[in-house]
Amino acid sequence: MFEKDRLDEDLLVALLVKGDRDAFSQLYARYSSDLLHRLNKLLPDEEAVLEIHQIAFVRLWEIRERVRIEQGIWSLLHTIARNLVVDYFRKSATNEAVRNALLTQATLYYELDEPTNQVEEMSTLLSATIDRLPAKRKEIFLLCKFQGKSYEEVAQLQGVSIGTVKDHMAKAMRFLKTELGGALFSLFLALVHAWR
């Protein structure tokens, strides 16, 4: 089955290179939802997702004559989308630290389809550092950062004041920044934003 799919794609790519609109439509149907899913995880709003999705396929059509069959369409779309996302963040971010964190996050997200030892090590370090927070602070931190709850919601859930939640969050963030260092902490913040 895999070989048949590969042959089908090779044929579609060969037709695409020649300007066949039906082949383009079939490739669009095959890869559109995967690209949308990837962009939805990465970009902050639906308008940006749809715009970059559309531009990626337009660019694919524009460069169709230079497409190499052995390269594969997903790989090419992946590269086009990564570059568009990086451009989006470069234009959107005004703060240099935010820009660098977002660019790093975008690049990592697109480059790392499979977990590597380095990613697993970073994940282990992040988890271990979060686990070292005092129990109540850790619980509040996880509710706010990983479950996307507002300070007000967390205060109600925990039966504490909003000020207490803010205090726990400030101390947790200060601890993580100190323990992780600036670069890893910035990456952590960017990834947490993308996971929500």
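All values derive from a computational prediction rather than experimental measurement.

Participant: Outline the nonpolar core, supporting the account with residue identities and numerical values.
Facilitator: One finds L39, L60, I73 and L77 to be the most contacted residues of the largest nonpolar core, which totals 26 residues. Among the secondary structure elements, those contributing two or more residues to this core are helix 1 (2-17), helix 2 (21-42), helix 3 (46-62) and helix 4 (73-92). If sequence neighbours within four positions are ignored, L60 has contacts with L16, F24, V67, I73, L76, L77 and I80. One finds L133, F141, C144 and M169 within the second-largest nonpolar core, a separate group that totals 15 residues.

Participant: Account for the environment of E65, naming residues and giving values.
Facilitator: The residue E65 is located in the loop between helix 3 and helix 4 in this model. For E65, a relative accessible area of 62% translates into the label exposed. Measuring from C-alpha to C-alpha, the distance between E65 and V17 comes to 4.6 Å, with 48 residues separating the pair along the chain.

Participant: Which residues make up the pattern of salt bridges, and what are the values?
Facilitator: Summed over all chains, the structure comprises 4 salt bridges. Of the charged contacts, one joins R30 and E9 as a salt bridge, the two residues approaching to 3.8 Å between their closest N and O atoms. Placement of the pair is R30 in helix 2 and E9 in helix 1, with a sequence separation of 21 residues. By relative accessible area, R30 is classed as partly exposed at 32%. A relative accessible area of 6% places E9 in the buried class. Where K171 meets D167, a salt bridge forms, and the shortest distance between an N and an O atom there is 3.2 Å. Residue K171 and its partner D167 are located together in helix 9 (residues 162-180), separated by 4 residues, close to a single helical turn. With relative accessibility at 36%, the residue D167 sits in the partly exposed group.

Participant: Kindly report on a negative patch on the surface, identifying the contributing residues and their values.
Facilitator: A contiguous patch of negative charge, built from D45, E46, E47 and E51, is present on the exposed surface. Here E47 is to be found in helix 3. Given a relative accessible area of 65%, E47 falls into the exposed group.

Participant: Describe in detail the environment of M169, supporting the description with residues and values.
Facilitator: One can find M169 in helix 9. Separated by 32 residues in the primary sequence, M169 and R137 have C-alpha atoms spaced 7.2 Å apart.

Participant: Account for the side chain of T129, with residues named and values stated.
Facilitator: Note that T129 resides in helix 6 (residues 117-131). According to the relative accessible area criterion, T129 is buried, its value standing at 1%. In this structure T129 touches F175, L176, E179 and L180, once residues within four positions along its chain are discounted.

Participant: Tell me what's going on with helix 8 (residues 151-158), and back it up with residues and numbers.
Facilitator: Listed as buried for helix 8 are V154, A155 and Q158. Around the axis of helix 8, the buried residues are gathered within 105 degrees of arc, so they sit on the same side. Residues of helix 8 that are exposed and angled more than 90 degrees away from the buried face: Q156 and L157. Looking at the packing, one finds that the buried side of helix 8 touches helix 7 (135-145) and helix 9. Looking one or two places after helix 8, you find G159, whose phi comes out positive at around 70 degrees.

Cut-offs applied
- Residues numbered from 1 in each chain as written.
- Predicted model: local features only at pLDDT ≥ 70, side-chain atom pairs only at ≥ 80, totals over all residues.
- Heavy atoms only, no water.
- Core = buried A, V, L, I, M, F, W, Y, C linked by side-chain atoms within 4.5 Å.
- Buried < 20%, exposed > 50% of the residue type's maximum accessible area, 1.4 Å probe, protein only.
- Helix = DSSP H or I, 4+ residues; strand = E, 2+ residues; numbered from the N terminus.
- Contact = heavy atoms within 4.5 Å.
- Salt bridge = Lys/Arg side-chain N within 4 Å of Asp/Glu carboxyl O.
- Patch = residues over 30% accessible without salt bridge, like charges linked within 9 Å, V, L, I, M, F, W, Y side chains within 5 Å.
- Areas by Shrake-Rupley, 256 points an atom, 1.4 Å probe, with all protein chains shown as cover.
- Lys, Arg positive; Asp, Glu negative; His and termini not counted.
- Charge placed at Lys NZ, Arg CZ, Asp CG, Glu CD.
- Arc of directions from axis to C-beta.

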